[in-house]
Every structure is written in C-alpha cells, then in structure tokens.
Amino acid sequence: MTQNKRPVLEVVGSAKKPTAKTGGGGAGSGSGASKVEKFGDYSVKYGAFHQVKAVRAGGDGDGFVEFALCNFTCKIIEEINQDDGLADSTFLRLEGRRNDGLPLPVVDVPAKSFYSSLGNWPNEHWGTTPFIFPGPAKKDNLRAAIHLYSNLNGDIPRRTVYKFTGWKRS
C-alpha cells in the first residue's frame, strides 16, 4: 500500500499563519502586544513587570536597560482591615494576569507577607503559575512595581470588616 506523501516542509510552508492577538488594558495584556506603560523606575512590557535602570553608555551618553522581574502583572484592588475585636489584621486583595493572558484568581494576601523581604506570596497563593526571575532584589522591586502600578489611577480603596457583634471601646 503506497501513499502519496507530501514532504514535511511543503506541508508546513502551506499551513495557515496564526492571527496576532491584541492585548487589552487592566492587570495584564493578553499576548503582551500592547503598548509599554511606564511608572517610576518600572514598566509593564509584554504583559509583565520590568525594572528600568539608567546606565552609562560608554561616552555616548546615558541609556536605559530593562530587566524582567516576573512573567505576570497584578494589581492591588483593595486594602482590607479585619477587626475581630481583639486584634486587627490587614489583607491586600490582588488580581492578576500572566503574560500569556491566563487570568490569575483574585487572592487576599496578608499585608505582612506582601511587604516581607521573602516575597514568596505569589507562589503561596497562585502556585507555580507565576514566575519571579532570580536575582538580587528582584522580589523587592516586584513589590514596589506592584504597589506603584496599583496607585496609577488613584489611591487603593480601603475598608474595615468587623468580625464581631457588639460594642468596642476606642
């Protein structure tokens, strides 16, 4: 039984080309094809946070270098203070999107974890889906980038949730 088989390169060459996705705004950019958004020493480029550093260009003047901090963007959408009558605890509600467009679920991160120098909260809350690049101070810069990015459209909304009934003396 002989079949008329076309060469692989001929089949590949005649394949339909995929159409380019266009990213939207918000916490991510889908395919990462959207415009670059700069804020402070950081930017969102290709759907991920980047650090922008000024460098000397060797006599020709100064230039800038961008370093990827992670493979996602996220935004603090609310700061929640929980009061149980004895102690207060603060949580940051975050939403995010990976650079390939995959949405990251809304999570409540304890403020002490978010502001910790360990910076392990993304993997504690989203598992292995987000990736933070290794390097000195990447986690600190990511925290700063998220904080600045979240404040681009004004202050982050704050509210207090009381987890008890009755009265409380101030």
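Before reading on, note that the structure itself is shown above.
Colleague: Please provide a residue-by-residue account of the sheet that holds strand β7 (residues 103–110), values included.
Modeller: Read from one edge of the open sheet, 4 strands run β7-β6-β5-β8, paired in mixed fashion. In the strand order of this sheet, the two ends are held by β7 and β8 (158–162), each with one partner. This sheet shows a mean twist of 25 degrees between the axes of neighbouring strands, independent of strand direction. Relative to β8, strand β5 (residues 72–83) is paired through 5 bridges, and the arrangement is parallel. Bridge assignment links I80 to a residue of β8, and that residue is R159.

Colleague: Describe the pattern of salt bridges, and please don't skip the residues or the numbers.
Modeller: Per the counting criterion, the structure on display carries 7 salt bridges. In this structure, K45 engages E66 in a salt bridge whose closest nitrogen and oxygen atoms are separated by 2.8 Å. Residue K45 is found in strand β2 (residues 42–45), and its partner E66 is found in strand β4 (residues 62–68); the two are separated by 21 residues along the sequence. When its relative accessible area of 21% is taken as the criterion, K45 is described as partly exposed.

Each value, and the rule that gives it
- Residues numbered from 1 in each chain as written.
- Predicted model: local features only at pLDDT ≥ 70, side-chain atom pairs only at ≥ 80, totals over all residues.
- Heavy atoms only, no water.
- Pairing = 2+ DSSP bridges.
- Helix = DSSP H or I, 4+ residues; strand = E, 2+ residues; numbered from the N terminus.
- Axes fitted to C-alpha atoms, helices over the stretch in contact; angles between N-to-C directions.
- Salt bridge = Lys/Arg side-chain N within 4 Å of Asp/Glu carboxyl O.
- Buried < 20%, exposed > 50% of the residue type's maximum accessible area, 1.4 Å probe, protein only.

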